[in-house]
Amino acid sequence: MPNFFTQNLDLRRRIRNAPWNAILPALEQGFADPHELAPSSLEEALDFMDATLDLVGEICANEIAPHAAEVDREGAQLVDGEVRYAAATTKQLKLLAESGLMGFILPRAHGGLNLPVTCYTAAVEMVSQADASLMTLFALQGCGETLHRFGDAEVHERYLSRLCAGEITACMALTEPGAGSDLGAVRMRAVPRPGPTPDGVGAKNGSWILNGSKCFITNGGADVLLTLARTEDVEGGAGVSLFAGDRGAGVEVPKLEEKLGIHGSPTAVVNFDDATGYLLGKRGEGLYRCTLGLLHQVRLEVAAQAVGVAQAAQSAAAQYATEREQFGRSIDRFAPVREMLFRNALQIEAARAIVFTTAAVVDRKRGILRSGGGPELERYERMADLLTPLSKFYACEIVNEVTSRAIQVHGGYGYTQEYPVERHMRDGRITNIYEGTSEIQVGGMIDALLDGGLALLFEEPLRDTSEPPSCAGVLDSLRQTYAHLLAAADRARAADTLAVQGWARGIAETTAGVMATLVFLRDASEDDRSATLARFHASETLLRGQLCLRAAETGDRTVFDDESFRAVVEPYRGGA
């Protein structure tokens, strides 16, 4: 029987090699939780995690993936103001709920599994490999963690157990027509409600009245919506608060977007007309304290989604190349096809390495917070703030390259709906747009990389990582690349904002290359395949680093400088 966990050797390696000795005792508070389902030892926790991922892998391979094309054709629909999932999607959500998989990271007291983010991220990847559109419903479990962290006891009672049981779904209703990615510019308003809510239930801290409109809301017909609204008479993010509200009176979905891909996921316009909301956290802290943490969680899972889609496309392409014959032999005997499949595998496993490195850092941070803080908290917070956008940027860029090559391997058949790769390409394309575009990810991390972030990420690993004989020269290559990065950073710090923005992508790509190669290198002592990836990727990353430094040293501004940009782009304006 197929299984997306047991059959994915690289995913299993990432789970096996995570620093569980540091993560699990902290998250489990020394294994002292009296709950009947709580593990009493590290070994028991690892066994439960492995069994859970095995279950997810089995469900994804046998119950979700076979119906993905059907879901893509049927799509989500708006019927009489109600959002309806495709029939198969409804059954799959019910199965995931009955299997106890809808509260991965929430506490056991509310019916959750209290599992690490690293484990949850693996589950998200597998669901995405099976059906990328279902991921957008399954992976909004971060909403539950936000409700748990910032909601009061009544909010907990109102939502958490039902989310864990799969009785209700959640969404983030953040984006507005005039604000887009600039969440500090939201115009939706919230005012305190005088007296009880219309249904007679009032949160202890009181409820609020919400008025405004949101757009591009993934799973916008959800039962509980986390939404941003302006509560203070000040401009910018300081005037914005976060609310939880029920779908019902005052909440209307007038439209679903018609999209290129992820057809099973409803993307909605949501209107709030005197709707009821419950404040999460404090007034005026909705964006910077509450929502940015939620976005970090969701961005990591979108990175895992991209890896899952890329995995599906590569699996289809590799199988097709083995079976398809041309000129008397299978097409995987031809060098151009081999190069495409090799580069796909390299990029997928590099992305997965970065994503799971990030997830482990997030888990270390969560463990420290559960222990009441500590001297290492700031370090792990800084690393999480650097690695989360790096993960989303890199994984969500490579999925477009991987799926494009997968179509190319299939030739003309890849362009038809007879094979799944055209769907994978359509589904993967959204990942470097939603939850913050690639450009926003790079822009959000570049200042931190220039301000000591490169040293934080690489000084210790480049000093302490050992190099097996099979990887002779890899560390020297990585150290050269790191030197190029530091030199490029020096140049960028002295440049103007436009130049820094222009060179930022090259710096981010090179940073991702060094990060992934270090992971391959650590695995190389026990795996010849990882040694091959480490050698090849180190060489490619060094070239990328040289180009990155050259652009900064020469001050090359050709593609974004005012004069050259206008000269080249101006003729296209006006539709000529």
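Just above sits the structure.
In short, a report on the structure. Quick caveat, the model's predicted, so the values are computed rather than measured. (Residues numbered from 1 in each chain as written. Predicted model: local features only at pLDDT ≥ 70, side-chain atom pairs only at ≥ 80, totals over all residues. Heavy atoms only, no water.)

## Here's the deal with the overall build of the protein
- Each helix and strand in the protein was counted, giving 18 helices and 11 strands.
- For the protein, the C-alpha radius of gyration of 24 Å lies close to 25 Å, the compact-globule estimate for 576 residues.
- The proportion of buried residues among the 576 residues of the protein is 56%.
- For the protein, restricting intrachain contacts to residue pairs at least 6 apart in sequence, the fraction spanning at least 24 positions comes to 75%.
- Summing over all exposed atoms, the protein offers an accessible surface of approximately 24,300 Å²; the carbon and sulfur share of this is 51%.
- Looking at charge distribution, the protein has the averaged site of its 55 positive side-chain charges lying 2 Å from that of its 77 negative ones. (Helix = DSSP H or I, 4+ residues; strand = E, 2+ residues; numbered from the N terminus. Rg over C-alpha atoms; globule rule 2.2 N^0.38 Å. Buried < 20%, exposed > 50% of the residue type's maximum accessible area, 1.4 Å probe, protein only. Contact = heavy atoms within 4.5 Å. Areas by Shrake-Rupley, 256 points an atom, 1.4 Å probe, with all protein chains shown as cover. Lys, Arg positive; Asp, Glu negative; His and termini not counted. Charge placed at Lys NZ, Arg CZ, Asp CG, Glu CD.)

## Examining the packing of aromatic side chains
- Under the definition given, this model contains 9 aromatic pairs.
- Geometrically, the ring pair formed by Phe 327 and Phe 334 is edge-to-face, given 6.5 Å between the ring centres and 75 degrees between the ring planes.
- Classification of Phe 327 by relative accessible area gives exposed; the value is 77%.
- Joined through ring pairs, the aromatic side chains of Phe 104, Tyr 120 and Phe 138 make up one cluster.
- It is Arg 329 that lies over the ring of Phe 334; its NZ or CZ is 4.4 Å from the centre.
- The ring of Tyr 380 has Arg 379 sitting right over it, with the charged end atom 5.3 Å from the ring centre. (Phe/Tyr/Trp six-rings, centres within 6.5 Å; stacked < 30°, edge-to-face > 60°. Lys NZ or Arg CZ within 6 Å of the ring centre and 35° of its normal.)

## Here we look at the packing of helix H15 (residues 474–493) against helix H16 (residues 497–524)
- Interhelical geometry of H15 versus H16 gives an angle of 160 degrees and a closest axis separation of 10 Å. With respect to their mutual orientation, H15 and H16 come out roughly antiparallel. Helix-helix and strand crossings are classified by hand; for H15 and H16 the assignment is left-handed. Here Val 474, Leu 475, Leu 478, Thr 481, Leu 485, Arg 491 and Ala 492 of H15 lie close against H16, whose contacting residues are Val 500, Trp 503, Ile 507, Thr 510, Thr 511, Val 514, Thr 517, Leu 518 and Leu 521. (Axes fitted to C-alpha atoms, helices over the stretch in contact; angles between N-to-C directions. Parallel < 35°, antiparallel > 145°, perpendicular 65-115°, else oblique. Left-handed = near helix turned anticlockwise from the far one by under 90°.)

## Details of a negative patch on the surface
- A surface patch of negative charge is lined by Glu 43, Glu 44, Asp 47 and Asp 50.
- Note that Asp 50 resides in helix H3 (residues 42–64). (Patch = residues over 30% accessible without salt bridge, like charges linked within 9 Å, V, L, I, M, F, W, Y side chains within 5 Å. Salt bridge = Lys/Arg side-chain N within 4 Å of Asp/Glu carboxyl O.)

## Describing the nonpolar core
- Ranked by internal contacts, the top residues of the largest apolar core, which has 170 residues, are Phe 104, Phe 138, Leu 147, Tyr 159, Phe 272 and Phe 458.
- Ala 316, Tyr 320, Met 340 and Ala 406 belong to the second largest nonpolar core, which has 14 residues in total. (Core = buried A, V, L, I, M, F, W, Y, C linked by side-chain atoms within 4.5 Å.)

## Remarks on the pattern of salt bridges
- For the coordinates displayed, the defined rule picks out 34 salt bridges.
- Across the pair Glu 285 and Arg 289 runs a salt bridge whose closest N-O atoms are separated by 3.9 Å.
- For the salt bridge of Arg 505 with Glu 439, the shortest nitrogen-to-oxygen distance reads 3.2 Å. Placement of Arg 505 in helix H16 and of Glu 439 in helix H14 (residues 438–464) is noted, with a sequence separation of 66 residues between them.

## Let's talk about the pairing of strand E3 (residues 170–173)
- Burial along E3 is two-sided: Ala 170 and Met 172 facing one way and Cys 171 and Ala 173 facing the other are all buried.
- Of the pairings in the sheet, the one linking E3 to strand E6 (residues 224–230) comprises 4 bridges and is parallel in character. Residue pairing in the sheet places Ala 170 in a bridge with Val 224 of E6. (Pairing = 2+ DSSP bridges.)

## Overview of the pairing of strand E5 (residues 207–218)
- The pairing of strand E4 (residues 189–192) with E5 spans 4 bridges and is classified as antiparallel. Bridge pairing links Pro 192 to Trp 208 in E5.

## Thoughts on H14
- With 27 residues, H14 extends only 31 Å from end C-alpha to end C-alpha; this falls clearly short of the ideal 39 Å at 1.5 Å per step.
- Remark: the principal bend of H14, roughly 75 degrees, maps to Leu 449. (Expected span 1.5 Å × (residues − 1). Bend = angle between axes of the 7 residues up to and from the residue.)

## What about the packing of helix H12 (residues 377–410) against helix H13 (residues 421–428)?
- Running from N to C, H12 and H13 point in directions that differ by 165 degrees, and their axes come no closer than 9 Å. Here H12 is positioned roughly antiparallel relative to H13, judged by the angle of their axes. Relative to H13, H12 is oriented so that their crossing is left-handed. Of the residues in H13, those in contact with Val 399, Asn 400, Thr 403, Ser 404, Ala 406, Ile 407 and His 410 of H12 are Val 421, Glu 422, His 424, Met 425 and Gly 428.
- Along the lines of polarity and charge, the residues of the contact of H12 with H13 split into 5 nonpolar, 6 polar and 1 charged. (Nonpolar A, V, L, I, M, F, W, Y, C, P; charged D, E, K, R; others polar.)

## Things to note about unusual backbone geometry
- Phi is positive for Phe 216, close to 55 degrees, though the residue is something other than glycine.
- Structurally, Phe 216 is set in strand E5.
- Residue class for Phe 216 comes out exposed when judged on its relative accessible area of 54%.
- Residue Asp 274 is not a glycine yet carries a positive backbone phi of 55 degrees.
- As for its position among the elements, Asp 274 is in strand E9 (residues 267–280).
- The class for Asp 274 is partly exposed, based on a relative accessible area of 48%.

## Examining the environment of Gln 141
- Along the chain, the position of Gln 141 falls in the loop between helix H7 (132–138) and helix H8 (142–150).
- Each residue touching Gln 141, except ones within four places of it in the same chain, is listed here: Leu 101, Met 102, Gly 103, Phe 104, Ile 105 and Tyr 120.

## With respect to H16
- Between its first and last C-alpha, H16 extends 40 Å over 28 residues, near the 40 Å set by a 1.5 Å rise per residue.
- The largest bend in H16 comes to about 40 degrees, at Trp 503.
- With respect to burial, H16 is a largely interior element, 20 of its 28 residues being buried.
- Backbone nitrogen of Leu 498 and a side-chain oxygen of the N-cap are separated by 3.0 Å at the start of H16; the cap is Asp 496. (Polar contact = N/O pair within 3.5 Å; in protein donor to acceptor, adjacent residues only side chain to side chain.)

## Considerations on the side chain of Lys 214
- Mapped onto the elements of the fold, Lys 214 is located in strand E5.
- Reaching out from Lys 214, the side chain makes a polar contact with the backbone oxygen of Leu 228 at a distance of 2.8 Å.

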